[in-house]
Amino acid sequence: QKPQVVVLNKIDIPEVKGKKDDLMEQLRAAAGHSRVLSISAVTTERVQELMGRLKKFADAQPVVDLPPIPEIDLGKAGLDYDSDDYEIVSDPSYPGQWRIRGEYIEQVAKMTHWEYPEAVARFGRQL
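Residues numbered from 1 in each chain as written. Predicted model: local features only at pLDDT ≥ 70, side-chain atom pairs only at ≥ 80, totals over all residues. Heavy atoms only, no water.

J.: Describe in detail the overall build of the chain, supporting the description with residues and values.
T.: Within the chain one finds four helices and four strands. Start at the N end of the chain and walk to the C end: the helices and strands fall as β-α-β-α-β-β-α-α. The proportion of buried residues among the 127 residues of the chain is 18%. Nonlocal contacts in the chain, meaning residues at least 24 apart in sequence, comprise 37% of its contacts between residues at least 6 apart. Counting every atom, the chain has about 10500 Å² of accessible surface; 54% of that belongs to carbon and sulfur. (Helix = DSSP H or I, 4+ residues; strand = E, 2+ residues; numbered from the N terminus. Buried < 20%, exposed > 50% of the residue type's maximum accessible area, 1.4 Å probe, protein only. Contact = heavy atoms within 4.5 Å. Areas by Shrake-Rupley, 256 points an atom, 1.4 Å probe, with all protein chains shown as cover.)

Dropping the structure here:
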């Protein structure tokens, strides 16, 4: 089971303020520990105390050795094609228009989000 801190928020609301003691007891019983605190994020009531408690709680947790983050070469992420291997063709059905064919540029086109001008500009630079 993961360590937890339970927080009752919105104690500035009259309905919650009236039931606060009962709610806190229910939360302590459900959580099975006493790390339960009531706060109001809107008025910041007891928020500093919460931050202090969270820091102490986090500092008391054991350090977990995580595996090292693998390094990824983003130079040609997932593209196994030569970027210079393409051809430009004219389609007689569409006079004045040109098509570029090639595995690399077609893969780049598939990965481009055409709805974003920045992505279209990046695609232009890839050409």
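J.: Can you lay out the nonpolar core for me, pointing to particular residues and giving the numbers?
T.: Grouped together as the largest cluster of nonpolar side chains are seven residues: Val6, Leu8, Ile11, Val16, Met24, Ala31 and Val36. It is helix α1 (residues 14-31) that contributes the most residues to this core, three residues altogether. Discounting residues that sit within four places of it in the chain, alanine 31 has contacts with Gln4 and Val6. (Core = buried A, V, L, I, M, F, W, Y, C linked by side-chain atoms within 4.5 Å.)

J.: With reference to specific residues and values, describe the pattern of salt bridges.
T.: In the structure shown here, the tally under the stated rule is five salt bridges. Across the pair arginine 28 and glutamate 25 runs a salt bridge, and its minimum N-O distance is 3.4 Å. Of the two residues, arginine 28 and glutamate 25 are both situated in helix α1; the distance of three residues between them amounts to about one turn of the helix. Two residues, arginine 101 and glutamate 87, come together in a salt bridge whose shortest N-O distance is 4.0 Å. Here arginine 101 is found in strand β4 (residues 98-101), whereas its partner glutamate 87 is found in strand β3 (residues 87-90), with 14 residues between them in sequence. On the accessibility criterion, arginine 101 (44% relative accessible area) is partly exposed. Relative accessible area serves as the criterion here: at 42%, glutamate 87 is assigned to the partly exposed category. Each of Arg46, Glu49 and Arg53 takes part in one network of salt bridges that share partners. (Salt bridge = Lys/Arg side-chain N within 4 Å of Asp/Glu carboxyl O.)

J.: Describe unusual backbone geometry, naming the residues involved and giving the relevant values.
T.: In this model, lysine 10 sits at a positive phi of 70 degrees, which is unusual for a non-glycine residue. By the secondary structure assignment, lysine 10 is in the loop between β1 (6-8) and α1. Here lysine 10 falls in the partly exposed class, since its relative accessible area comes to 45%. Unlike most non-glycine residues, arginine 46 shows phi in positive territory, near 65 degrees.

J.: An account of the side chain of serine 40 is requested, with residue identities and associated values reported.
T.: Within the element layout of this structure, serine 40 appears in the loop between β2 (36-38) and α2 (47-60). Of the polar contacts made by the side chain of serine 40, one reaches the side chain of aspartate 12; its length is 2.7 Å. With near-sequence residues (within four places) excluded, serine 40 lies in contact with Asn9, Lys10, Ile11, Asp12, Glu45 and Val47. (Polar contact = N/O pair within 3.5 Å; in protein donor to acceptor, adjacent residues only side chain to side chain.)

J.: Quick one: what's the story with the side chain of histidine 33, residue by residue and with numbers?
T.: Inspection of the secondary structure assignment puts histidine 33 in the loop between α1 and β2. With relative accessibility at 16%, the residue histidine 33 sits in the buried group. A polar side-chain atom of histidine 33 sits 2.9 Å from the main-chain amide nitrogen of arginine 35. In this structure, histidine 33 is in contact with Gln4, Val6 and Arg28, ignoring residues within four places of it in sequence.

J.: Talk me through a negative patch on the surface; I want residue IDs and the actual numbers.
T.: Negative charge collects at one region of the surface, where Asp84, Asp85, Glu103 and Glu106 lie side by side. Structurally, glutamate 106 is set in helix α3 (residues 103-110). (Patch = residues over 30% accessible without salt bridge, like charges linked within 9 Å, V, L, I, M, F, W, Y side chains within 5 Å. Lys, Arg positive; Asp, Glu negative; His and termini not counted. Charge placed at Lys NZ, Arg CZ, Asp CG, Glu CD.)

As far as function goes, none of this settles anything; it's purely spatial.
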